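# Descriptive analysis of the structure
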Amino acid sequence: MPTDFNQPLLNARQQIDQLIKQIKNEGQQDNLLPTLETVLTQLDSMARTDHLTGALNRRTLMSMLDGELARSFRTGHTFTLAAISVDGLEQILEQHGQAAARQVLQQVAKEALTMLRTLDSFGRVAANEFAIVMPTTWLEASRKAIARLKLRIAEVDWNTISPGLTVSFATGLTTNAHKDNAESMLKRVGIALQAARSQGADKIAEIEPPLPDYDPTAED
């Protein structure tokens, strides 16, 4: 399900066109600076976020993941990467329509953004896949966070979107490993997510990478 970039870009373009018209034809520049600042803020937001859900976009999430890997390398702290996807989104699309499917993704993102810690990073990395970077978090603590999110999702009155609609999500979890990069870690958590999906709805699967072999010569 593609994200909707057209309307935000159209709004920004219209404001820029209006400013150009004022400068060239009317000579009105009194409100130029605050208007430009508003447009630049909108463009910055469009560059960082997914415009369907308000979550970070894939590029920004990967940048946050890169930063957390670098921080972990410096400090030695473990962190968790989670991936979640709505169970049966294709069936929701077929049975309840595209508008309902879009609202489901928006509501899941809203609940996650409300519940997660301010230091966590939540982004949409595929059509039906979100990723969460959880700094200084082991698997046990991340499982508890996902359990809280599952409870929030279960408490939503999905009938307000479409009668008979119920929503749950599958989860993959992994921790950072020696020599990880953002792509390798996202690939690993994707494998965990696929394992969770294969078990049925509302499941969680984990991949805990092995510790590196001890090399006594590394201390010399």
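Residues numbered from 1 in each chain as written. Predicted model: local features only at pLDDT ≥ 70, side-chain atom pairs only at ≥ 80, totals over all residues. Heavy atoms only, no water.

## Here's the deal with the overall build of the protein chain
Heads up, the rule is: Helix and strand assignments follow DSSP, with helices taken as H or I runs no shorter than four residues and strands as E runs no shorter than two, numbered in order from the N terminus. We call a residue buried when its accessible area falls under 20% of the maximum for its residue type, exposed when it is over 50%, and partly exposed in between, using a 1.4 Å probe and counting protein chains only.
Helix and strand counts for the protein chain stand at 7 helices and 5 strands. Taking all 220 residues of the protein chain together, the buried fraction comes to 40%.

## Focus on helix 6 (residues 139–155)
Quick reminder of the rule: What a helix is expected to span follows from its residue count: subtract one and scale by 1.5 Å. Here, the arc refers to the directions that run from the helix axis to the C-beta atoms. Throughout, a residue-residue contact means that at least one pair of heavy atoms, one from each residue, lies within 4.5 Å.
Given a rise of 1.5 Å per residue, 17 residues ought to cover 24 Å, and the 24 Å separating the end C-alpha atoms of helix 6 matches this to within 8%. Within helix 6, the full set of buried residues consists of Leu139, Ser142, Ala145, Ile146, Leu149, Lys150 and Ile153. One side of helix 6 holds all its buried residues, which, seen down the axis, span an arc of 145°. Those residues of helix 6 that are exposed and angled more than 90 degrees off the buried face are Glu140, Leu151, Ala154 and Glu155. Close packing links the buried residues of helix 6 with strand 1 (80–86), helix 5 (98–115), strand 3 (129–134), strand 4 (169–175) and strand 5 (204–207).

## A word on the pattern of salt bridges
Our working rule: The term salt bridge refers to a side-chain nitrogen of Lys or Arg lying within 4 Å of a carboxyl oxygen of Asp or Glu.
According to the stated counting rule, one finds 8 salt bridges in the structure shown. The salt bridge partner of glutamate 111 is arginine 152, with a shortest N-O separation of 3.0 Å. Highlighted residues: glutamate 111 in helix 5 and arginine 152 in helix 6, separated in sequence by 41 residues. On the accessibility criterion, arginine 152 (29% relative accessible area) is partly exposed. Where aspartate 202 meets lysine 150, a salt bridge forms, and the shortest distance between an N and an O atom there is 2.8 Å. Of this pair, aspartate 202 sits in the loop between helix 7 (182–199) and strand 5 while lysine 150 sits in helix 6, and the two are 52 residues apart along the sequence. Judged by relative accessible area, which is 39%, aspartate 202 ranks as partly exposed. Owing to a relative accessible area of 14%, lysine 150 belongs among the buried residues under this scheme.

## Topic: the pairing of strand 1
Our working rule: Strands qualify as paired when DSSP identifies two bridges or more between them.
Counting buried positions over the 7 residues of strand 1 gives 7, a clear majority of the element. Here strand 1 shows a buried face lined by Thr80, Ala82, Ile84 and Val86 and a second buried face lined by Leu81, Ala83 and Ser85. In this sheet, strand 3 lies alongside strand 1 in antiparallel orientation, the contact comprising 5 bridges. The residue of strand 3 that forms the bridge with threonine 80 is methionine 134.

## Here's the deal with unusual backbone geometry
In this structure, threonine 136 is a non-glycine residue whose phi angle is positive, near 45°. By relative accessible area, which is 46% here, threonine 136 ends up partly exposed. Its identity as a non-glycine residue notwithstanding, lysine 179 has a phi of 70°, on the positive side. In this fold, lysine 179 is placed in the loop between strand 4 and helix 7.

## Re the side chain of aspartate 120
The cut-off we apply is this: Polar contact criterion, stated in full: a pair of N or O atoms within 3.5 Å, where within protein one must be able to donate a hydrogen and the other to accept it, and residues adjacent in sequence count only if both atoms are side-chain atoms.
When you line up the elements, aspartate 120 lands in the loop between helix 5 and strand 2 (121–126). Residue class for aspartate 120 comes out buried when judged on its relative accessible area of 12%. At 2.6 Å, the side chain of aspartate 120 and the side chain of arginine 117 are in polar contact.

## Observations regarding the nonpolar core
Where we set the bar: The nonpolar core is taken to be a set of buried Ala, Val, Leu, Ile, Met, Phe, Trp, Tyr and Cys residues, with the residues joined through side-chain atoms within 4.5 Å.
Formed by 30 residues in total, the largest nonpolar core has its most connected members in Val108 and Phe122. Mapped by element, the contributors of at least two residues to this core are strand 1, helix 4 (89–96), helix 5, strand 3, helix 6 and strand 4. Among the elements that take part in this core, helix 5 stands out by supplying 7 residues, more than any other. When sequence neighbours within four positions are dropped, the list of residues in contact with valine 108 reads Ile84, Val86, Phe130, Ile153, Trp158 and Val167. In this structure, Leu65, Val133, Ala170 and Ala196 belong to the second largest nonpolar core, which totals 19 residues.

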